[in-house]
Amino acid sequence: MKDKYDIIVVGAGPAGSITARTCAEGGLDVLLIEKRQEIGDPVRCAEGVSREGLKKHIEPDDRWIAAKVKGSKIIAPDGTEIRMSEDASSQKAGYTLERKVFDRALAQHAASAGAEVMVKTRASGLLHSNGAVNGIKAVYMGDTREIKADIIIGADGVESKVGKWGGIDTTMKPVDIESGAQFLVSNIEAGEYSKFYLGGEYAPGGYLWLFPKGKNTANVGLGILGSKSEKGMALLLLRKFIEKHMPQAKILEMVVGGVPVSGPIEKTATDGLLLVGDAARQSDPLTGGGIINAMDAGKIAGEVCIKAREAGDYSMKTLKEYEDRWRATIGKNMSASLKVKNMLLKFTDDQLNNLAHSLEGEDVSKMTLPALLKVLVIKNPRMLWELRY
Amino acid sequence: MSVNVNRLKCGYCGACVGVCPVGALELIETWIEVENTCTECGICVKICPVGSLEIL
Ligand SMILES: Cc1cc2nc3c(=O)[nH]c(=O)nc-3n(C[C@H](O)[C@H](O)[C@H](O)COP(=O)(O)OP(=O)(O)OC[C@H]3O[C@@H](n4cnc5c(N)ncnc54)[C@H](O)[C@@H]3O)c2cc1C
């Protein structure tokens, strides 16, 4: 480890590793630090991604693909199923990843591109000079060191501190976070589709999911909106579901975590500092999916760092491009999802059932979520008028 | 003022850290550290997926 780098990336999740890889490929001197001793472990994810989103960043590799899924099924509170998101060309629309292996592969890509990687190394504060961020304090095996860099990347996930240290308030209100619990279960029929169960019985203000991880195993979990959650509720409701609907299931792993569902926050950059991924609250407010958004944001952040280096300017003058670009792409989709999330929150289970019934006789199996929502708006103009722009 | 963390229940996911309005919590290795700036607002208690936090 040196005393000075061009870029220090804090956190080796998908956001951090893609940022580090992009910067290193652009010839920058990069340090990627991760406070855990094992990258990717413990997992805090249901591991579902779309094939298309993933392929923008990395060639799918069987080492970290646990299962391939045909599409999605949304299940209304009364059991009505809507089949969607099937991919006509490939038969496979999405993957359930093995994040432990995936996250490590991404970090390895960053390392191969030239980034230095340090595990069990935690950022504990920022260094400043003339009002701009210019380094971090890092704790490794109990020793604190100061390391300088022109730009610091906060890719430190849901528990992000980097933004706060840099004067960016990323605190989530209860309504901005899903409280999640999941079991990896075996001895069940996992099927070929990712399943999303809606309704207050399963997950107030969220949904329950089943993502196949192989023939007889699946990630079964749920997220509850923070504003509707009570102490320990996520785990309690998950246990209840498993007991009732899959009593034969054997639990091989327990996963817990919080998912940001705030929609775009006001600020994700300042002089010498960028936030990416969950640290920037960039996961989708409707689905909770954050892997692809984190990678997309990491790519943009890396490209902007390369430009800043060329210009020799690490202030907002050059870094603003990051804000502009992610908001015009990921941010736009997040805002649309936030509207749908807020609308769904107002619906009773009966109204959700009616929505599902309104699709009877329609073939929406090849549609993605935005296209499906358009059909719903046409079929239910009164219920969905709020969504119109 | 403080919040008590049951380390035997805690899944060290960091959700509580993300919602603390005063930044009093931090996830270090496999446990949550609580600073004395905690105001006992109780938000973290509701968010914790496994119920490992408690206001004393
Ligand atoms: C229950 C659950 C289910 C989910 N399901 C899905 C899903 O199916 N599909 C999907 O796309 N998304 C899902 N998500 C969201 C997804 O996991 C995240 O959006 C994604 O991991 C974000 O990537 P990231 O790189 O921003 O953060 P993370 O993957 O969280 O990585 C952040 C890293 O930073 C490290 N770090 C934190 N602080 C420091 C520090 N001070 N110093 C050094 N390192 C630090 C952490 O240890 C961590 O490794 C789910 C989340 C949860 C909780």
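For clarity, every value in this text was computed on a predicted model and none was experimentally measured.

Definitions and cut-offs
- Within each chain, residue numbers correspond to sequence positions counted from 1 in written order.
- Chains carry letters from A onward and ligands carry numbers from 1 onward, assigned in written order.
- The predicted nature of this model means local features are confined to residues of pLDDT at least 70 and side-chain atom pairs, given and counted, to a pLDDT of 80 or more, with totals for whole chains, interfaces and linings taken over all residues.
- To get the side-chain values, take all heavy atoms of the structure and skip hydrogens and water.
- Helix numbering and strand numbering both begin at the N terminus, where a helix is a DSSP run of H or I of at least 4 residues and a strand a DSSP run of E of at least 2.
- Summary of the burial criterion: residues with accessible area below 20% of their type's maximum are buried, those above 50% are exposed, and those between are partly exposed, where the area comes from a 1.4 Å probe applied to protein chains only.
- Any two strands are treated as partners once DSSP identifies two or more bridges connecting them.
- Each residue carries a pLDDT value, the predictor's own confidence for that position, ranging from 0 to 100.
- Should any heavy atoms of two residues lie within 4.5 Å, those residues are considered in contact.
- Domain delimitation follows an automatic or database domain assignment.
- Computed with a 1.4 Å rolling probe, the buried area is the accessible surface lost when two parts are put together, summed over both parts.
- Definition used for salt bridges: Asp or Glu carboxyl oxygen within 4 Å of a side-chain nitrogen of Lys or Arg.
- Between N or O atoms, a polar contact is any pair within 3.5 Å; within protein, one atom must be a potential hydrogen donor and the other a potential acceptor, and residues adjacent in sequence are included only when both atoms are from side chains.
- In the scheme used here, Gly and all other residues not listed as nonpolar or charged are polar, with Ala, Val, Leu, Ile, Met, Phe, Trp, Tyr, Cys and Pro taken as nonpolar and Asp, Glu, Lys and Arg as charged.
- Axes, fitted as lines to C-alpha atoms, cover a helix only where it is in contact. Angles between the N-to-C directions of the axes lie from 0 to 180 degrees.
- With respect to orientation, any angle under 35 degrees is reported as roughly parallel, any angle over 145 as roughly antiparallel, any angle of 65 to 115 as roughly perpendicular, and every other angle as oblique.
- Left-handed describes a crossing whose near helix is turned anticlockwise from the far helix through less than a right angle; right-handed describes the clockwise counterpart.
- Our arc is simply the arc of the directions from the helix axis toward the C-beta atoms.

### Thoughts on unusual backbone geometry
All names here are of chain A.
Okay, so step 1: The linkage connecting D41 with the following residue, P42, adopts the cis geometry, with an omega of -5°.
Okay, so step 2: Tracing the backbone shows P42 in the loop between strand 2 (30-33) and strand 3 (48-50).
Okay, so step 3: At N130, a position not held by glycine, the phi torsion is positive, near 50°.
Okay, so step 4: Assignment of secondary structure puts N130 in the loop between strand 9 (121-129) and strand 10 (132-140).
Okay, so step 5: One non-glycine residue, R281, lies in the positive phi region at around 55°.

### Examining the pairing of strand 6 (residues 81-84) of chain A
Residue and element names in this part refer to chain A.
Okay, so step 1: Here strand 6 shows one buried face, formed by I82 and M84, and one open face, formed by E81 and R83.
Okay, so step 2: With four bridges connecting them, strand 5 (residues 71-75) and strand 6 associate as antiparallel partners. Note on strand 6: the bridge partner recorded for K73 is R83.
Okay, so step 3: Between strand 5 and strand 6, which pair antiparallel one after the other, the connecting turn spans five residues, and G79 there sits at a positive phi close to 100°.

### Let's talk about the confidence of the model for chain B
Okay, so step 1: Model confidence for chain B is summarised by a mean pLDDT of 96, while 100% of its residues fall at 70 or above.
Okay, so step 2: Of the two predicted TM-score estimates for the complex, the pTM is 0.97 and the ipTM is 0.98.

### Here we look at the environment of A280(A)
All names here are of chain A.
Okay, so step 1: Structurally, the position occupied by A280 is in the loop between strand 18 (273-275) and helix 6 (291-311).
Okay, so step 2: For A280, a relative accessible area of 0% translates into the label buried.
Okay, so step 3: Distance in space between the C-alpha atoms of A280 and A190 is 33 Å, their sequence separation being 90 residues.
Okay, so step 4: In contact with A280, other than residues within four places in its own chain, are I265, T268 and L275.

### Points about the side chain of S17(A)
Residues and elements named next belong to chain A.
Okay, so step 1: By the secondary structure assignment, S17 is in helix 1 (residues 14-25).
Okay, so step 2: Exposure remark for S17: the relative accessible area of 1% places this residue in the buried category.
Okay, so step 3: Setting aside chain neighbours within four positions, we find S17 in contact with G11, A12, L32, D103, L106, A107 and A110.

### A look at the domain arrangement of chain A
Quite often, the size of an interface is put as the accessible area lost when its parts meet.
Residue and element names in this part refer to chain A.
Okay, so step 1: When cut into domains, chain A gives domain 1 (4-44 + 100-171 + 262-336), domain 2 (67-95 + 173-259) and domain 3 (342-387).
Okay, so step 2: Relative to domain 2, the C-alpha centre of domain 1 lies at a distance of 29 Å.
Okay, so step 3: Taken together, the ten residues of domain 1 in the interface contact nine residues of domain 2.
Okay, so step 4: For the pairing of domain 1 and domain 2, the buried interface totals around 700 Å² over both sides, and the portion due to carbon and sulfur atoms is 51%.
Okay, so step 5: Ionic pairing is found between E253 and K100, a salt bridge with its closest N-O pair at 2.9 Å.
Okay, so step 6: Across the contact surface, domain 1 and domain 2 share three residue pairs in polar contact (both at pLDDT 80 or more).
Okay, so step 7: Within the side of domain 1 that touches domain 2, the residues separate by chemical class into three nonpolar, five polar and two charged.

### Notes on the pattern of salt bridges
Residues and elements named next belong to chain A.
Okay, so step 1: Enumeration according to the criterion identifies 33 salt bridges over all chains in this entry.
Okay, so step 2: D313 is the salt-bridge partner of K317, the closest N and O atoms lying 3.8 Å from each other.
Okay, so step 3: Exposure remark for K317: the relative accessible area of 73% places this residue in the exposed category.
Okay, so step 4: The residue E321 makes a salt bridge to R325 at a minimum N-O spacing of 3.3 Å. With E321 and R325 both in helix 7 (residues 316-346), this residue pair falls four residues apart, about one helical turn.
Okay, so step 5: Overall, E321 belongs to the partly exposed group, its relative accessible area being 23%.
Okay, so step 6: Through salt bridges that share partners, K299, E303, K307, E321 and R325 make up one connected network.

### Some details on the packing of helix 1 of chain A against helix 3 (residues 99-112) of chain A
Two numbers describe a pair of packed helices, the interaxial angle and the distance between the axes.
Residues and elements named next belong to chain A.
Okay, so step 1: At a minimum axis separation of 7 Å, helix 1 and helix 3 run at an interaxial angle of 20°. Considering the angle they form, helix 1 stands roughly parallel to helix 3. Every pair of crossing elements has a handedness; the one defined by helix 1 and helix 3 is left-handed. Here P14, S17, I18, A20, R21 and A24 of helix 1 come into contact with helix 3, specifically with R99, D103, L106, A107, H109 and A110.
Okay, so step 2: By residue class, the composition of the contact of helix 1 with helix 3 is seven nonpolar, two polar and three charged.

### Re the packing of helix 1 of chain A against helix 6 of chain A
Residue and element names in this part refer to chain A.
Okay, so step 1: Helix 6 packs onto helix 1 with a crossing angle of 30° between their chain directions and a minimal axis gap of 7 Å. The angle between helix 1 and helix 6 places the two elements in the roughly parallel class. Once helix 1 is placed against helix 6, the crossing between them reads as right-handed. Residues P14, A15, I18, T19, T22 and C23 of helix 1 form the contact with helix 6, whose own contacting residues are I291, A294, M295, G298, K299, A301, G302, E303, C305 and I306.
Okay, so step 2: Considered class by class, the residues forming the contact of helix 1 with helix 6 number ten nonpolar, four polar and two charged.

### Comments concerning helix 8 (residues 349-357) of chain A
All names here are of chain A.
Okay, so step 1: Residues L352, N353, L355 and A356 constitute the buried set of helix 8. Along helix 8, the residues classed as buried sweep out an arc of 160° about the axis, all on the same side.
Okay, so step 2: Buried residues belonging to helix 8 abut strand 6, helix 7 and helix 9 (369-379).

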